[in-house]
Amino acid sequence: MAATAISKAPPERFKGLSESLSEIQERVRQASSPSSNPTLVAVSKYKPASDILACYECGQRDFGENYVNELEEKARQLPGDIRWHFIGTLQSNKSKTLAMIPNVFTVQTVTSTKAANALNKSLPPERTTPLNVMLQVNTSGEDAKSGLPAIASAESASSSELVQLAHCIITSCPKLYLHGLMTIGSLKESTASDEQPNEDFETLKRTRDFLEQVLRQDPTSGSNWGVDGKLLLSMGMSSDFEVALKGGSDIVRVGTGIFGARPPKEHTDSERDVT
Ligand SMILES: *Cc1c(COP(=O)(O)O)cnc(C)c1O
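A quick note: this is a predicted structure, and the numbers were derived from the prediction, not measured. (Residues numbered from 1 in each chain as written. Predicted model: local features only at pLDDT ≥ 70, side-chain atom pairs only at ≥ 80, totals over all residues. Heavy atoms only, no water.)

Trainee: Kindly report on the overall build of the protein, identifying the contributing residues and their values.
Mentor: What the protein contains, in helices and strands, is 10 helices and eight strands. On C-alpha atoms alone, the protein measures out to a radius of gyration of 18 Å, which is about the 19 Å that the 2.2 N^0.38 rule sets for 275 residues. In terms of overall dimensions, the protein has C-alpha extents of about 55 × 45 × 40 Å along its principal axes. Within the protein, the proportion of its 275 residues that are buried is 51%. The contacts of the protein with a sequence gap of at least 6 include a subset with a gap of at least 24, amounting to 62%. If you sum the accessible surface of the protein, you get close to 13,200 Å²; carbon and sulfur atoms cover 51% of it. (Helix = DSSP H or I, 4+ residues; strand = E, 2+ residues; numbered from the N terminus. Rg over C-alpha atoms; globule rule 2.2 N^0.38 Å. Buried < 20%, exposed > 50% of the residue type's maximum accessible area, 1.4 Å probe, protein only. Contact = heavy atoms within 4.5 Å. Areas by Shrake-Rupley, 256 points an atom, 1.4 Å probe, with all protein chains shown as cover.)

Here you go:
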């Protein structure tokens, strides 16, 4: 199905986007080890479809959105080979709408078996590839951030909610594929530009290692998760993606750095899927 015609970004805007996208791509390359090939997700929430199309024309294919309705509308208008990443808070009552979007590639914010089962059940029969899912971890422990608790030790791993959710996805959600873990982490202004490792990113890595250990030892989990036997890590945003990449991130999510500042939330509240 052809995408509906959408207006093009004005030439000035196209040029600006193309430059900031190249700059971020270059910084991603510089911060990554030569053997790795991390994914840059361009976070386009609140930004018009014309901005996304401009980045698409520059070769960008991975885009991230936070609100199901906004994603649905954009996906309908934009090219079908975009890989959409859902990175917002997932409500079970929106799972069906999300699952019906043909080119939603990854849902990065799964935190419950209820949401996992709802997605698995809602994926349409015509979809031929599994939906990638990542489990969101609240590495900073802040009440305001969603996500499951990190795993603190090998002993506590097997009874953790994360392991239970991973197990449920692997063994009882055949249309989902467990890709890895995602975190937001707390923004530490002082470390934004220096080379200090971010504690929250270290916590996500440790949690990933514990989870992998449990999955490897569990015969019912098989090897049907991750990429080449490794769970991927989605961590790093505009202010900290270089630190995240140096810490081993596989997926960085950059919004402001590519598209510029977003309008204040109050103006768009009516479109949000907030709880
Ligand atoms: C908005 C958002 C981003 C992008 O943030 P920037 O600081 O604009 O790069 C990344 N991840 C999540 C989960 C977000 O909600």
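Trainee: So what about the site of the ligand? Which residues, and what values?
Mentor: The environment of the ligand is formed by 13 residues, the closest being Lys 45, Asn 66, Ser 238, Thr 256 and Arg 262. Measuring from an oxygen atom of the ligand, one finds a side-chain N or O atom of Ser 238 at 2.5 Å. Contact distances for the ligand include 2.4 Å between an oxygen atom and a side-chain N or O atom of Thr 256. Across the shell around the ligand, the residue classes tally to six nonpolar, four polar and three charged. (Near = heavy atom within 4 Å. Polar contact = N/O pair within 3.5 Å; in protein donor to acceptor, adjacent residues only side chain to side chain. Nonpolar A, V, L, I, M, F, W, Y, C, P; charged D, E, K, R; others polar.)

Trainee: Let's hear about unusual backbone geometry: which residues, and what values?
Mentor: Its identity as a non-glycine residue notwithstanding, Tyr 46 has a phi of 70°, on the positive side. Counting through the fold element by element, Tyr 46 comes out in the loop between strand S1 (39-43) and helix H2 (49-57). In this structure, Asp 228 takes a positive phi of about 50° despite not being glycine. In this fold, Asp 228 is placed in the loop between helix H8 (199-217) and strand S7 (232-234).

Trainee: Report on the UniProt feature "modified residue: N6-(pyridoxal phosphate)lysine" (unreviewed entry) in the protein, specifying residues and quantitative values.
Mentor: Residues annotated by UniProt as "modified residue: N6-(pyridoxal phosphate)lysine" (unreviewed entry) correspond here to Lys 45. Checked against the element boundaries, Lys 45 lands in the loop between S1 and H2. When sequence neighbours within four positions are dropped, the list of residues in contact with Lys 45 reads Gly 64, Glu 65, Asn 66, Glu 70, Lys 74 and Arg 262. (UniProt positions renumbered as here; feature names shortened; annotations may be inferred.)

Trainee: Residues and numbers for the nonpolar core, please.
Mentor: Residues Leu 98, Val 107, Leu 119 and Leu 178 are the most contacted members of the largest nonpolar core, which totals 70 residues. Not counting residues up to four positions away in its chain, the partners in contact with Leu 98 are Val 68, Leu 71, Phe 86, Leu 90, Val 104, Val 107 and Leu 119. (Core = buried A, V, L, I, M, F, W, Y, C linked by side-chain atoms within 4.5 Å.)

Trainee: How would you summarise the packing of aromatic side chains if you had to cite specific residues and measurements?
Mentor: For the structure shown, the criterion picks out two aromatic pairs. Judged by centre distance (5.7 Å) and plane angle (10°), the rings of Tyr 46 and Tyr 67 are stacked. You can see Tyr 46 sitting in the loop between S1 and H2 and its partner Tyr 67 sitting in the loop between strand S2 (62-65) and helix H3 (68-77), a full 21 residues away along the chain. Here Tyr 46 and Tyr 67 have matching classes, each one buried. When the ring of Phe 63 is compared with that of Trp 84, the centres are 6.1 Å apart and the planes differ by 50°; the resulting orientation is tilted. One end of the pair, Phe 63, is in strand S2; the other, Trp 84, is in strand S3 (residues 83-86), with 21 residues separating them in the sequence. With relative accessibility at 0%, the residue Phe 63 sits in the buried group. (Phe/Tyr/Trp six-rings, centres within 6.5 Å; stacked < 30°, edge-to-face > 60°.)

Trainee: Go over the environment of Ala 154 with me, naming the residues and quoting the values.
Mentor: Mapped onto the elements of the fold, Ala 154 is located in helix H6 (residues 154-157). For the pair Ala 154 and Arg 127, spaced 27 residues apart in sequence, the C-alpha to C-alpha distance is 37 Å.

Trainee: Now, about the pattern of salt bridges: what can you tell me, with residues and values included?
Mentor: Proximity of charged atoms lets side chains of opposite charge pair with each other. Summed over the entire model, instances satisfying the criterion amount to 17 salt bridges. The shortest N-O distance in the salt bridge between Asp 51 and Arg 13 comes to 2.6 Å. One end of the pair, Asp 51, is in helix H2; the other, Arg 13, is in helix H1 (residues 11-31), and 38 residues separate them in sequence. You can call Arg 13 partly exposed: its relative accessible area is 29%. By sharing partners, the salt bridges in this structure join Arg 208, Asp 209, Glu 212, Arg 216 and Lys 230 into a single network. (Salt bridge = Lys/Arg side-chain N within 4 Å of Asp/Glu carboxyl O.)

Trainee: Lay out the pairing of S3 in plain terms, naming residues and giving numbers.
Mentor: Sheet analysis places S2 next to S3, joined by four bridges and oriented parallel. By the bridge assignment, Phe 63 is partnered in S3 with Trp 84. In this view, the connection linking S2 to its parallel neighbour S3 by way of H3 has right-handed handedness. Relative to strand S4 (residues 104-110), S3 is paired through three bridges, and the arrangement is parallel. (Pairing = 2+ DSSP bridges. Right-handed = clockwise from strand over helix to strand, strands pointing away.)

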